[in-house]
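Working through the structure, step by step
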Amino acid sequence: MQYQKLNHTYMIMSQRKLTNRIISSAAANNNNNNNNNIGSSSSSMSISSSSSLLMPDDQKTSIPIPGTYGWWVVGPLRDRLDYFWFQGAESFFKKRMDKYKSSVYRTNVPPCFPLFAGVNPNVIAVLDCESFSHLFDMDIIEKKNILIGDFMPSLTYTGNLRVCAYLDTAEHTHAQVKSFVLDILKRSSTIWVSSWLSSLDTMWSAMDESLSTKGKASYLIPLQKSIFSFLTKSIVGADPASSPHIAESGYRMLDEWIALQILPTVEAGKFLQPLEEILLHSFAYPFWFVKRGYNKLVDFIAKEGEEVLQRGQNQFGLSRDETIHNLLFVLGFNAFGGFSVFLPTLLSHLGKDTTGVQKNLREEVRSKMAATNSTVLSFELIKQMPLVQSYVYETLRLNPPVPIQYGRARKDFLLSSHDSAFDVKKGELLCGYQPLVMRDPKVFDDPETFVPDRFVGEKGQELLNHLYWSNGPQTGSPSPSNKQCPAKDFVAPTACLFVADLFQRYDFITCNSTGHITAAVKAGTIN
């Protein structure tokens, strides 16, 4: 079905397998590009890491940023074809890191020629934990209109408004909307867990039936329906069941709406080249393809979410349109989109594991439940399950739901990597590819390997300072003055609830590579 193809489009970047080891090649700089003329920095800063392997900042010498943007049109087009066709996103960044022998370098990222004339593809890649962390410093980084790079989808996708994700922290409306979203999440905490567990109960019942009748159960769509139902209740304060069409198709409307916005920037993974380049990456898709579904979601929120809408207007000074479209963006793009990428990845990895970690997770969940005489899961109970938490964190490390983060230099500054420093000029765009950043060998031991208990114990807790999936460290706190995910403190615990609930129901599950659960052994079957 068409919506399934669109759904895979925005999920594929977080679910691709690791590429083979890359062979180094010689560096080649294009000195004719004016953007490579690096001047002195007018201000310096240091974002330090806890790793003992880092060179002290006062011993780092500023050097020119390696890499090249190439000739006009030709360079960006060549990089685009490498990114989408000849290499793939991960290999694209890795090859250039090996080529320039630097985790900081100049390159181009899509979209570009021919129909993106107003988009500048030139970026400075930052691919280690030290350099990447500069993206969180709002004193030197601006975030205006760069959620997915220099390309910004048409405002018609968001009610002709710039929603919070495209606002910079210096803009007054950002603080208003971010405060509103944080307030929604705080208030939702009273029903968040119960709504999630109730949705999971419905999902697993349907999966059990499918397993018993068909011998396997596809989990992507049932999981998305559960995610949509619980998030709509928790964030909007509305039950999708009040509108049968929204209850049945709301998740699909969001899939299509998200996919069309980001198509020019992501690998589709389903089309044969060069058709993918011609049909998906050469132009921006117009809003009218998804207008009908989006407007139905707007109408649903306007009718069923009145209490939340009134709070946005009366307590946070937002207009009704600002409240509706920001609420829908948070519900759809941020929350639903993020969970729809992360939770299937979590389940797939768990169901294909052959190391015996399911046994360890099962024993931890059940022993903590028994020790506390608990029959119902809670966020407080999850805090007593260090292995479950670590498993979720490790999945986030290797499979960040948002693989790329961007930031534009607010002013000239000195950017530090582990062993070098680079002058960055005001207006230059930084691009961090998280799947590589989160495998930084100077921070994470055995970085390519999934280690379930990596974040257990004192050393593991220190590593949380370098877990950056949320546009900030796991130890950070989202606020109106930064761009860290407002739901940062909800995402990992919600995923932990998912894992713990699974092992309350089942002793063991297996998944295949096509998105199906092929076996689920009921709890109590295995001693």
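Quick summary incoming for the structure in this document. (Residues numbered from 1 in each chain as written. Predicted model: local features only at pLDDT ≥ 70, side-chain atom pairs only at ≥ 80, totals over all residues. Heavy atoms only, no water.)

Our next topic: a nonpolar patch on the surface. On the surface, Leu272, Leu275, Ile278 and Leu279 cluster together into a nonpolar patch covering about 390 Å² of accessible area. With respect to the secondary-structure elements, Leu275 resides in helix 8 (residues 275-279). Under the relative-accessibility criterion, Leu275 is labelled partly exposed at 45%. (Patch = residues over 30% accessible without salt bridge, like charges linked within 9 Å, V, L, I, M, F, W, Y side chains within 5 Å. Areas by Shrake-Rupley, 256 points an atom, 1.4 Å probe, with all protein chains shown as cover. Salt bridge = Lys/Arg side-chain N within 4 Å of Asp/Glu carboxyl O. Helix = DSSP H or I, 4+ residues; strand = E, 2+ residues; numbered from the N terminus. Buried < 20%, exposed > 50% of the residue type's maximum accessible area, 1.4 Å probe, protein only.)

Attention shifts here to the pattern of salt bridges. All chains considered together, the criterion is met by 28 salt bridges. Arg96 is the partner of Asp82 in a salt bridge, and the nearest nitrogen-oxygen pair spans 2.9 Å. Linking Asp82 in helix 2 (residues 74-86) with Arg96 in helix 3 (residues 89-100), this pair joins segments that are 14 residues apart in sequence. Overall, Asp82 belongs to the buried group, its relative accessible area being 13%. Between Asp168 and Arg410 there is a salt bridge, with the nearest N and O atoms lying 2.9 Å from each other. A residue pair is termed long-range when its members are at least 10 positions apart, and Asp168 in the loop between strand 4 (141-142) and helix 5 (172-214) and Arg410 in the loop between strand 6 (404-409) and strand 7 (413-416) qualify at 242 residues. On the basis of relative accessible area, Asp168 is assigned to the buried category, the value being 2%. On the basis of relative accessibility, which here comes to 23%, the residue Arg410 falls in the partly exposed class. Residues participating in the shared-partner salt-bridge network are Arg78, Asp79, Asp82 and Arg96.

What follows covers the pairing of strand 8 (residues 421-424). Of the two faces of strand 8, the one lined by Ala421 and Asp423 and the one lined by Phe422 and Val424 are each fully buried. Here 2 bridges tie strand 1 (residues 62-63) to strand 8, and the two strands are oriented parallel to one another. Opposite Ser62, over in strand 8, you have Ala421 as the bridge partner. Bridge analysis of strand 7 against strand 8 gives 4 bridges, and the strand direction is antiparallel. Each residue of the ladder has a partner; that of Leu414, found in strand 8, is Asp423. Connecting the antiparallel pair strand 7 and strand 8 is a turn made up of 4 residues. (Pairing = 2+ DSSP bridges.)

Another point: helix 6 (residues 220-236). Between its terminal C-alpha atoms helix 6 stretches 23 Å, which fits the 24 Å expected from 17 residues at 1.5 Å a residue. Burial of helix 6 is extensive: 14 of the 17 residues sit out of reach of the surface. Gly237 sits one or two positions beyond helix 6 and adopts a positive phi of about 75°. (Expected span 1.5 Å × (residues − 1).)

Applying the stated criterion across every chain yields a total of 2 cavities of 30 Å³ or more. Approximately 1100 Å³ is the volume attributed to the largest cavity. Residue lining of the largest cavity: 48 residues in total, with Leu147, Phe333, Asn334, Val402 and Gln405 positioned closest to the centre. Looking at the lining of the largest cavity, the elements that each hand over two or more residues are helix 1 (2-15), helix 5, helix 7 (244-262), helix 11 (320-351) and strand 6. Among the elements that make up the lining of the largest cavity, the one with the highest residue count is helix 11 (10 residues). As a volume, the second largest cavity reaches approximately 40 Å³. Lining the second largest cavity are Val109, Pro110, Pro111, Val119, Asn120, Pro121, Val123, Ile148, Gly149, Asp150, Phe151 and Leu429. Of the residues belonging to the lining of the second largest cavity, the class tally is 9 nonpolar, 2 polar and 1 charged. (1 Å grid on protein atoms, 1.4 Å probe; cavity = no way out; pocket = protein on both sides within 12 Å on 5 of 7 lines; lining within 4 Å. Points joined across faces, edges and corners; volume = space filled by probe spheres on them. Nonpolar A, V, L, I, M, F, W, Y, C, P; charged D, E, K, R; others polar.)

Two quantities define a packed helix pair, namely the angle between the axes and the distance from one axis to the other. It is at 6 Å that the axes of helix 2 and helix 3 come closest, and there the two elements cross at 125°. For the element pair helix 2 / helix 3, the angle class is oblique. In contact with Asp79, Asp82 and Tyr83 of helix 2, helix 3 contributes Ala89, Phe92, Phe93 and Arg96. (Axes fitted to C-alpha atoms, helices over the stretch in contact; angles between N-to-C directions. Parallel < 35°, antiparallel > 145°, perpendicular 65-115°, else oblique. Contact = heavy atoms within 4.5 Å.)

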